[in-house]
Amino acid sequence: MPIRDDLTCVKVEIDDEGIAWVTFNRPEKRNAMNPTLHYEMEEVLMALETDPAAKVIVITGAGNSWSAGMDLREYFRETDNNPEAQFTSFTANKHWSWDILHNSRKPSIAMVNGYLFGGAFVALANCDIVVTAEDAVYGLSEINWGIIPGGIVSKVIVDKMPFRNAMFYSMTGRTFDGRKAVEMNLADIAVPADKLREETVALARELMEKSPVALAFTKQAIRNVVNMDVPQAYEYLMTKIQALQFMDKEKTRNRGMEEFLDKKTYRPGLEAVSKEEDS
Ligand code: COA
């Protein structure tokens, strides 16, 4: 499914290496998420899911903001008295930022370049890896608007952050920076802003070295066991590992064993398994 070239709130570019750069593109509104942005993100992520050229998805924001959260005018106030419009835009929001991103088979990286507020925490939480500028500004500002962190925000922050921090920052609405986001497990790596893209590209290249199907199964496994008890997780993972061997047409596991045990050309943990075709 090709991506339209007349999107107004999201910019997409797939580079030669296979990094799909998805940019929230309303810099004049600090990339606040209006209904159009939600519809376009749904369309874009569905298209990337089935585009073999897109190997890693990087989500970032134009200008000095990742996203200032939900658009208070267009997403909230203008739909207050229009239940149909509210339902469609709220559903689109949940669909791309939770269902599609959470279940995507492609690795996703949030590259946090600046402000990140409120409802944007859901997309952040559903990216697999987060690289942030040290000076990015995060805020659970809902309390300052007289609302709660809704739209699943409360749920994703207690799942990701230590409970005390989730409570503190959502009750006070105080902001915190990228370093603190790493300390609280909201982000993986914090770097100076001028190194953000370089660090993200290096990480994307590292992921592209892995077997794509093993990577997809790994992220599904990690996400799904969170809500399982040990017996369920054991059964699920035993089945999943067998399914992976069936799905991995490149037989990465067999090749890795052969290279390590027989040819002595590969040491796991130090190198990715080679991607040569099976002989
Ligand atoms: N919804 C709607 N519009 C927003 C917005 C939001 N969440 N965040 C920013 N904007 C708009 C502003 O209204 C302004 O529009 P205008 O030029 O038509 O007046 C424009 O984006 C620029 O915002 P401004 O506040 O001038 O930029 P800034 O760089 O000084 O500050 C922020 C950036 C993100 C700190 C500030 O805009 C802000 O606090 N936004 C609200 C963040 C928030 O609480 N989001 C959660 C909502 S639940």
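Just so it is clear, the model here is predicted, and its values are computed rather than measured.

Student: I keep staring at the site of the ligand and nothing clicks. Help me out?
Tutor: Taken together, the residues surrounding the ligand are Glu28, Lys29, Arg30, Ala32, Ala68, Met70, Asp71, Leu72, Tyr115, Phe117, Ser141 and Trp145. Arginine 30 is positioned such that a nitrogen or oxygen atom in its side chain is 2.8 Å from an oxygen atom of the ligand. Within the side chain of tryptophan 145, an N or O atom sits 2.8 Å from an oxygen atom of the ligand. Its free accessible area being 860 Å², the ligand has 64% of it covered by the protein chains. When its residues are assigned to classes, the shell around the ligand shows 7 nonpolar, 1 polar and 4 charged.

Student: I'm lost on the pairing of strand E1 (residues 10-14) in this one. Help?
Tutor: Looking along a regular strand, one sees the side chains alternate between the two faces of the sheet. With 5 bridges joining them, E1 and strand E2 (residues 19-24) adopt antiparallel strand pairing. Within E2, the residue paired with glutamate 13 across the bridge is tryptophan 21. If you look at the hairpin formed by E1 and E2, you'll find 4 residues sitting between the two strands, and glycine 18 has a positive phi there, around 110°.

Student: Would you mind going over the packing of helix H1 (residues 35-49) against helix H3 (residues 83-103) with me for this structure?
Tutor: Each pair of packed helices can be summarised by the angle the axes make with each other and by the distance between the axes. Taken N-terminus to C-terminus, the directions of H1 and H3 make an angle of 35°; their axes are 9 Å apart at the nearest point. Of the two possible hands of crossing, H1 and H3 adopt the one that is left-handed. Contact residues: Pro35, Leu37, His38, Tyr39, Met41, Glu42, Leu45 and Met46 in H1; Ala85, Thr88, Ser89, Ala92, Asn93, His95, Trp96, Ile100 and Leu101 in H3. The residue inventory of the contact of H1 with H3, partitioned by class, reads 11 nonpolar, 5 polar and 1 charged.

What counts and what doesn't
- Positions within a chain are numbered from 1, following the residues in the order the chain's sequence is written.
- The predicted nature of this model means local features are confined to residues of pLDDT at least 70 and side-chain atom pairs, given and counted, to a pLDDT of 80 or more, with totals for whole chains, interfaces and linings taken over all residues.
- Note that water and hydrogens are dropped before the side-chain values are worked out from all heavy atoms of the structure.
- One heavy atom suffices: a residue is near a molecule or strand as soon as one of its heavy atoms comes within 4 Å of it.
- Contacts described as polar in this section are N or O atom pairs within 3.5 Å, which, within protein, must combine one atom able to donate a hydrogen with one able to accept it, while residues neighboring in sequence count only if both atoms come from side chains.
- Method for areas: the Shrake-Rupley scheme with a 1.4 Å probe, in which residue coverage is limited to the protein chains shown.
- Three classes are used, and their members are as follows: Ala, Val, Leu, Ile, Met, Phe, Trp, Tyr, Cys and Pro are nonpolar, Asp, Glu, Lys and Arg are charged, and the others, Gly among them, are polar.
- Strand pairing follows a simple DSSP-based rule, namely that at least 2 bridges must link the two strands.
- In this description a helix means any DSSP run of H or I spanning at least four residues, a strand means any run of E spanning at least two, and both kinds are numbered starting from the N terminus.
- Only C-alpha atoms enter the line fits that serve as axes; for helices the fit covers just the stretch in contact. Angles between N-to-C directions range over 0 to 180 degrees.
- Each crossing is labelled by how the near helix is turned from the far one, with a counterclockwise turn of less than a right angle marking it left-handed and a clockwise turn marking it right-handed.
- It only takes one pair of heavy atoms within 4.5 Å for two residues to be counted as in contact.

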